[in-house]
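# Working through the structure, step by step
In case you want the letters, here they are:
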Amino acid sequence: MTTFGIGSAVTGLAGGLLAPLTGVVPSMGVNFVGQSFITVITGGASMIAGTLSASTLLGTISQGMTFATGPVYSDAALLLAALVLLRVLPQGITGRIFKKSL
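In this report, the structure presented in the accompanying data block is examined. (Residues numbered from 1 in each chain as written. Predicted model: local features only at pLDDT ≥ 70, side-chain atom pairs only at ≥ 80, totals over all residues. Heavy atoms only, no water.)

Once that is clear, we can look at the side chain of S62. Within the fold, S62 resides in helix α3 (residues 47–68). Apart from residues no more than four positions distant in its own chain, S62 is found in contact with S74 and L78. (Helix = DSSP H or I, 4+ residues; strand = E, 2+ residues; numbered from the N terminus. Contact = heavy atoms within 4.5 Å.)

Structure, rendered in structure tokens:
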């Protein structure tokens, strides 16, 4: 219950901070679900270290490709990088390093 409560509070805070910048609609988070899922799966078994390492790597690839080519190729590069990483490291980036740690 605590995790759900903290997650809900952070989500509400993010929505409140984003509301002045863009219109608030119920489906506004749909654009972020795919990238978030790819980041968590690519990270591996370690919750914190895996997510941080995957978000750093995939964010760098995504922003580099956005700067070089454009946002469409950036999303394709993000998906391709995640597929290659999961093919090479099926347990994620930290799957072999951390077994049951945070």
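In this structure, L57 sits in helix α3. Using a relative accessible area of 36% as the deciding quantity, one classes L57 as partly exposed. The sequence separation of L57 and T39 amounts to 18 residues, and the corresponding C-alpha distance is 9.3 Å. Not counting residues within four places of it along the chain, the set of residues in contact with L57 comprises L85 and I93. (Buried < 20%, exposed > 50% of the residue type's maximum accessible area, 1.4 Å probe, protein only.)

Its 14 residues place the ends of helix α2 (residues 30–43) 21 Å apart at the C-alpha level, agreeing with the 20 Å of an ideal helix rising 1.5 Å per residue. Where α2 is concerned, the buried positions are I38, T39, T42 and G43. Along the axis of α2, the buried residues cluster in a sector spanning 130 degrees; they form a single face. Seen from the buried face of α2, the exposed residues on the opposite side, beyond 90 degrees, are V30, V33 and F37. Check the buried side of α2 and you find it contacts α3 and α4 (71–88). Positive backbone phi, approximately 105 degrees, marks G44, located one or two places after α2. (Expected span 1.5 Å × (residues − 1). Arc of directions from axis to C-beta.)

Below, the discussion takes up α3. The terminal C-alpha atoms of α3, which comprises 22 residues, lie 31 Å apart, in line with the 32 Å expected from a rise of 1.5 Å per residue. At the C-terminal side of α3, G70 shows a positive phi close to 150 degrees.

On the secondary structure map, S74 appears in helix α4. Note on S74: relative accessible area 2%, which makes it buried. Those residues within four positions of S74 in sequence are excluded, and the remaining contacts are S62, M65 and T66.

Turning our eyes to something else, we now look at the packing of α2 against α4. Packed helices, taken two at a time, are described by their axes: the angle between them and the distance between them. Two numbers describe how α2 lies on α4: the axes approach to 10 Å, and their chain directions differ by 25 degrees. The angle between α2 and α4 falls in the class roughly parallel. Two packed elements cross with a definite hand, and for α2 against α4 that hand is left-handed. Across the interface between the two elements, Q35, I38, I41 and T42 of α2 pack against D75, L78, L79, A82, L85 and L86 of α4. (Axes fitted to C-alpha atoms, helices over the stretch in contact; angles between N-to-C directions. Parallel < 35°, antiparallel > 145°, perpendicular 65-115°, else oblique. Left-handed = near helix turned anticlockwise from the far one by under 90°.)

Turning to the nonpolar core, a few remarks are in order. Counting residues in hydrophobic clusters, the biggest one holds 6 residues: I38, L58, L78, A81, A82 and L85. Among the elements that line this core, the one with the most residues is α4, at 4 residues. Beyond its immediate stretch of four places on either side in the chain, L78 contacts Q35, L58 and S62. (Core = buried A, V, L, I, M, F, W, Y, C linked by side-chain atoms within 4.5 Å.)

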